[in-house]
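Summary of structural features
What follows is the residue order along each chain.
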Amino acid sequence: MSSFILRRLLLAIPTLFGVLVVAFLLLYVAPGDPVQSMIGERADSATITRLRAQLHLDDPLPVRFGHYVGSVVRGDLGRSYITNRPITQDIRERFPKTMQLAGAAMLLASFLGISLGILSARNPGGFADRFALGLAYLGISFPVYWVGLLLILLFAVTLHWLPPSGYGGLRFLILPALTLGMRSIAFLARMTRSAMLEALNADFVRTARAKGLTEWTVTVRHALRNAMIPVITLVGLQAPLLIGGAVIIETIFVIPGMGLLLLDGVNQRDYPIITGVFLVVGVAITLINLLIDLSYGVLDPKVRYR
């Protein structure tokens, strides 16, 4: 197990380096000048020249990239062009809020999606099956921002049950997490239903029923455990989408997380913020995928790590 984890972490290094290269190149070929965003359009040419030299923006692209990689290796993600705050400080303040939102959305999507999939597979063609499939189609069809606005209108404006925006306790997290996880609920419900139907018709399930086990024990301890491998894989694939979707959700619900930080960085051409956010998100997604791979061995004893 330890050698497998070490191998995966070593393989993550070129992946993260590729993320850094792509983000860096895309930013520096994009239109716009960060110096103009810092000092405005009325600054004199001497000030612009001095700031560009100070920020190494006039250096050749390979030189700038080398400086940046050296700083990242030392644990320094640079300073914001606009606020002059260390990027690590901004990320340290914002990253937990984004992971809290993405984690809540993932837990909610896993619980609701897997539950709906089990109910559908237990009664194929019945009311629960039709309801779950209808909810899945609706979740896939509707845009995320439209779902968020609709939930705000219903639960915040009309019913006054939940706050419409902001960051605080659990009540502030329900609507954003439900909005962010809606599509994942749909995908997980359909995947769980398909995997459970296959597992419930397998020979080992018929054997378990022949032994006199209760239907609940057969479904949960035997069928569900074997059906969870493709479902867990889908959860791992949804993780990057949930973290990336937090940009839109944090904008809609005014959550001060990485999404708003990235949006501000893009609007102001603040290159260190954008590359820092990309790198941290890449590390988070890599670790999540590693945890997903490790969970295979817990669900299926036949899986061995080499």
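Just so we're clear, the structure is a prediction, and the values are computed from it rather than from any experiment. (Residues numbered from 1 in each chain as written. Predicted model: local features only at pLDDT ≥ 70, side-chain atom pairs only at ≥ 80, totals over all residues. Heavy atoms only, no water.)

**Thoughts on the packing of aromatic side chains**
One pass over the full model with this rule turns up four aromatic pairs. Between Phe127 and Phe131, the aromatic rings sit 6.3 Å apart at their centres with planes inclined by 20°, giving stacked as the arrangement. With Phe127 and Phe131 both in helix 6 (residues 127–141) and four residues apart, the pair spans about one turn of that helix. For Phe131, a relative accessible area of 47% corresponds to the partly exposed category. Stacked on the ring of Tyr167, the Lys or Arg Lys97 has its end atom at 5.4 Å from the ring centre. (Phe/Tyr/Trp six-rings, centres within 6.5 Å; stacked < 30°, edge-to-face > 60°. Helix = DSSP H or I, 4+ residues; strand = E, 2+ residues; numbered from the N terminus. Buried < 20%, exposed > 50% of the residue type's maximum accessible area, 1.4 Å probe, protein only. Lys NZ or Arg CZ within 6 Å of the ring centre and 35° of its normal.)

**What to know about the packing of helix 9 (residues 203–210) against helix 10 (residues 215–253)**
Where helix 9 contacts helix 10, the axes come no closer than 10 Å and their chain directions differ by 160°. With respect to helix 10, the axis of helix 9 lies roughly antiparallel. Along this stretch, helix 9 crosses helix 10, giving a crossing that reads as right-handed. Along the contact surface, helix 9 presents Phe204, Val205, Ala208 and Arg209, while helix 10 presents Glu215, Val218, His222, Ala223 and Asn226. Classifying every residue of the contact of helix 9 with helix 10 by side-chain character gives five nonpolar, two polar and two charged. (Axes fitted to C-alpha atoms, helices over the stretch in contact; angles between N-to-C directions. Parallel < 35°, antiparallel > 145°, perpendicular 65-115°, else oblique. Left-handed = near helix turned anticlockwise from the far one by under 90°. Contact = heavy atoms within 4.5 Å. Nonpolar A, V, L, I, M, F, W, Y, C, P; charged D, E, K, R; others polar.)

**A look at the environment of Ala177**
Tracing the backbone shows Ala177 in helix 8 (residues 170–200). For Ala177 and Ala102, which are 75 residues apart along the polypeptide, the C-alpha to C-alpha distance reads 7.2 Å. Here Ala177 is in contact with Leu101, Ala104, Ala105 and Leu108, once residues within four sequence places are set aside.

**Brief notes about the layout of surface pockets**
Here the largest pocket is characterised by a volume of approximately 470 Å³. Taken together, 19 residues make up the lining of the largest pocket; nearest its centre are Leu55, His56, Tyr68, Gly78 and Tyr81. Those elements that provide at least two residues to the lining of the largest pocket are helix 1 (2–29), helix 4 (61–73) and helix 12 (271–299). No other element matches the four residues that helix 4 contributes to the lining of the largest pocket. (1 Å grid on protein atoms, 1.4 Å probe; cavity = no way out; pocket = protein on both sides within 12 Å on 5 of 7 lines; lining within 4 Å. Points joined across faces, edges and corners; volume = space filled by probe spheres on them.)

**Here's the deal with the side chain of Glu250**
By the secondary structure assignment, Glu250 is in helix 10. At 3.4 Å, the side chain of Glu250 and the backbone nitrogen of Met258 are in polar contact. Here Gly259 takes part through its backbone nitrogen, which lies 2.5 Å from a polar atom of the side chain of Glu250. Excluding residues within four positions of it along the chain, Glu250 makes contact with Thr98, Leu101, Ile255, Gly257, Met258, Gly259 and Leu260. (Polar contact = N/O pair within 3.5 Å; in protein donor to acceptor, adjacent residues only side chain to side chain.)

**What to know about a nonpolar patch on the surface**
A surface patch of nonpolar side chains, about 850 Å² in accessible area, is lined by Leu138, Phe142, Tyr145, Trp146, Leu149, Leu150, Leu153, Val157 and Ile248. Top contributing element to the nonpolar patch by residue count: helix 7 (residues 144–158), with six residues. Turning to its location among the elements, Val157 is positioned in helix 7. (Patch = residues over 30% accessible without salt bridge, like charges linked within 9 Å, V, L, I, M, F, W, Y side chains within 5 Å. Areas by Shrake-Rupley, 256 points an atom, 1.4 Å probe, with all protein chains shown as cover. Salt bridge = Lys/Arg side-chain N within 4 Å of Asp/Glu carboxyl O.)

**Focus: unusual backbone geometry**
Phi is positive for Asn84, close to 65°, though the residue is something other than glycine. When you line up the elements, Asn84 lands in the loop between helix 4 and helix 5 (87–122). Located in the positive-phi region is His160, a residue other than glycine, with phi close to 60°. A relative accessible area of 61% places His160 in the exposed class.

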